[in-house]
Amino acid sequence: MEEDPVNLREFQELAKRKLPKMSYDYISGGAEDQFTLRENVEAFQRIMLRPRILVDVSKIDTSSTLLGHKMSSPILVAPTGSQQLAHPDGELATARAAAACNTIQVLSFASDYTLEEVASSCDAVRFFQLYVFKGRDVAAAVVQRAERNGYKAIVLTADTPRLGRREADIKNKLIIPMNRNVEGLMSVDIHTTGGSGLEAFASKTLDPSLSWKDIEWLKSITRLPIIVKGVLTAEDAIKAVEVGVSGIIVSNHGARQLDYTPATITVLEEVVKAVSGSVPVLLDGGVRRGTDVFKALALGAKAVMIGRPVVYGLAAKGEDGVKRVITMLQKELELTMALAGCPTLKDITRNHVMVPHQKPRSLL
Ligand SMILES: Cc1cc2nc3c(=O)[nH]c(=O)nc-3n(C[C@H](O)[C@H](O)[C@H](O)COP(=O)(O)O)c2cc1C
Ligand SMILES: CCCCC(=O)C(=O)O
């Protein structure tokens, strides 16, 4: 009988056994030396908790809201592309699992099921993640379709003017399915003479000229709130607020873009301070435990997103696997809150964590 994972790391091990090497390497991998990939996880492990005792924790409430939408917990599903590499049901399974868990799925622009197929798969609040391709009309058309199909926010990924260098994908000559959301809107020859097929596609499509002034353009083509994903500094957080975004995601793209960026949890507080409550700040990267979620909330995040764990759940057990990954993390958060003396999310404060001097271990 197949074993039942008891934590998110065991889901990763199961996914590794089930997936072809090319797919597993693409999902699990990071850029270049994968320094940041390790840091995203390890930086969480350097933060200790300061629990409070003798608090009535007979009732724990993990429920939260984001941009006015209710969620059962502050844990969202991050946008991850090409989910059919993990399971034939891909984004449809993820959509149904997220809906069943009462959380928000951010659908990737690079989804294997179209945004319309996902929208009609089940009733739920969901957001749409945008990549801006050269010749802006593709983005404009896709954003308008997202709006028509009931997506509630646009998550603009801003850390990918070009694709990061992922060496496993180069070696494996990664083959990626053609982007379904742009079918009929553009044709791209993704034949390569070797190397990563995703890199070949990305270098032909992504628009590296995208800049802050384009937020104005994005606002002119949609009424949806815009959340910017990929902020790692106070400087950019301030800019984002100035140009009128509705939310910020502290993210280094799961360490798949620029290597040697800091672990996201180590720059969260800087960003939170810079925006001083004007917009919600989310975080993704390396969240693997309920205690990680708790730590991010203590340092000022409104919510967190999980990327790889969802894809591992999908690879391991399809829709049920995704449900179990999300539920497992929600339950771990609930237990952490009880053991730390925090019956509601509002009770989690900066005083509940001890943050070490922020130097990566290998530089000490
Ligand atoms: C397989 C995979 C595909 C991804 N695809 C996208 C994408 O299409 N758009 C995007 O904005 N981020 C993408 N990301 C980044 C995630 O949204 C998120 O930032 C990251 O996975 C969070 O880190 P974690 O995997 O450690 O949870 C992808 C990440 C992975 C692992
Ligand atoms: C154009 C890149 C799409 C997938 C992606 O964002 C990733 O693999 O990290």
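Thresholds, definitions, all that
Residues numbered from 1 in each chain as written. Chains lettered and ligands numbered in written order. Predicted model: local features only at pLDDT ≥ 70, side-chain atom pairs only at ≥ 80, totals over all residues. Heavy atoms only, no water. Helix = DSSP H or I, 4+ residues; strand = E, 2+ residues; numbered from the N terminus. Buried < 20%, exposed > 50% of the residue type's maximum accessible area, 1.4 Å probe, protein only. Contact = heavy atoms within 4.5 Å. Areas by Shrake-Rupley, 256 points an atom, 1.4 Å probe, with all protein chains shown as cover. Lys, Arg positive; Asp, Glu negative; His and termini not counted. Charge placed at Lys NZ, Arg CZ, Asp CG, Glu CD. Pairing = 2+ DSSP bridges. Right-handed = clockwise from strand over helix to strand, strands pointing away. Core = buried A, V, L, I, M, F, W, Y, C linked by side-chain atoms within 4.5 Å.

K.L.:
For this particular structure, what's the right way to read the overall build of the protein?
P.N.:
Helices and strands together make up the secondary structure of the protein, namely 13 helices and twelve strands. For the protein, the C-alpha atoms occupy an extent of roughly 65 × 55 × 45 Å along the three principal directions. Across the 364 residues of the protein, 55% fall into the buried class. Summarising the internal contacts of the protein: among those between residues at least 6 apart in sequence, 74% fall at separations of at least 24. Per element, the accessible surface of the protein, about 15800 Å² overall, is 53% carbon and sulfur. Put simply, the protein has 45 plus and 42 minus side-chain charges, and the middle of one group is 2 Å from the middle of the other.

K.L.:
Hey, could you run me through the pairing of strand 7 (residues 154-157) in this one?
P.N.:
Consecutive side chains along a regular strand alternate between the two faces of the sheet. The side-chain alternation of strand 7 yields two buried faces, one formed by Ile-154 and Leu-156 and the other by Val-155 and Thr-157. Pairing between strand 6 (residues 126-130) and strand 7: three bridges, direction parallel. Residue pairing across strands places Leu-130 opposite Leu-156, the latter belonging to strand 7. With helix 6 (residues 137-148) bridging strand 6 and its parallel neighbour strand 7, the resulting β-α-β unit is right-handed. Pairing geometry for strand 7 and strand 8 (residues 226-231), over four bridges, is parallel. Pairing of Thr-157 across the sheet is with Lys-229, part of strand 8.

K.L.:
Please clarify how the pairing of strand 11 (residues 303-306) should be interpreted in this entry.
P.N.:
Every second residue of strand 11 is oriented toward a common face, with Ala-303 and Met-305 on one face and Val-304 and Ile-306 on the other, all of them buried. With three bridges connecting them, strand 4 (residues 75-77) and strand 11 associate as parallel partners. Pairing of Ile-75 across the sheet is with Val-304, part of strand 11. Bridge count between strand 10 (residues 281-284) and strand 11: three bridges; the pairing is parallel. Counterpart to Asp-284 in the pairing with strand 11 is Met-305. For the segment spanning strand 10, helix 12 (residues 290-298) and strand 11, crossover handedness is right-handed.

K.L.:
Looking at this structure, I do not really get the side chain of Gln-129. What am I missing?
P.N.:
With respect to the helices and strands, Gln-129 occurs in strand 6. Here Gln-129 falls in the buried class, since its relative accessible area comes to 2%. The contact partners of Gln-129, leaving out residues within four places of it in the chain, are Pro-79, Val-106, Leu-107, Ser-108, Phe-109, Val-155 and Thr-157.

K.L.:
Help me out: how do you make sense of unusual backbone geometry in this one?
P.N.:
Both trends apply: most residues other than glycine have a negative phi, and most peptide bonds are in trans. Unlike most non-glycine residues, Leu-67 shows phi in positive territory, near 50 degrees. Here Leu-67 is to be found in the loop between strand 2 (64-66) and strand 3 (69-71). Look at Ser-276: it is not a glycine, yet its phi comes out positive at around 30 degrees. Looking at the element boundaries, Ser-276 is found in the loop between helix 11 (264-275) and strand 10.

K.L.:
Which parts of the structure should I look at to understand the nonpolar core?
P.N.:
Side chains of nonpolar character tend, in soluble globular proteins, to be buried together. Core analysis: the largest hydrophobic core is formed by 102 residues, its most contacted members being Phe-128, Leu-130, Ile-248, Ile-265 and Leu-268. With 14 residues, the top contributor of residues to this core is helix 13 (residues 308-340). When residues no more than four places from it in sequence are discounted, the contact partners of Phe-128 are Val-106, Leu-107, Ser-108, Phe-109, Leu-115, Val-142, Ala-146, Tyr-151, Ala-153, Ile-154, Val-155 and Asn-181. Of all hydrophobic cores here, the second largest spans 14 residues; its members include Leu-76, Val-106, Ile-227 and Leu-282.

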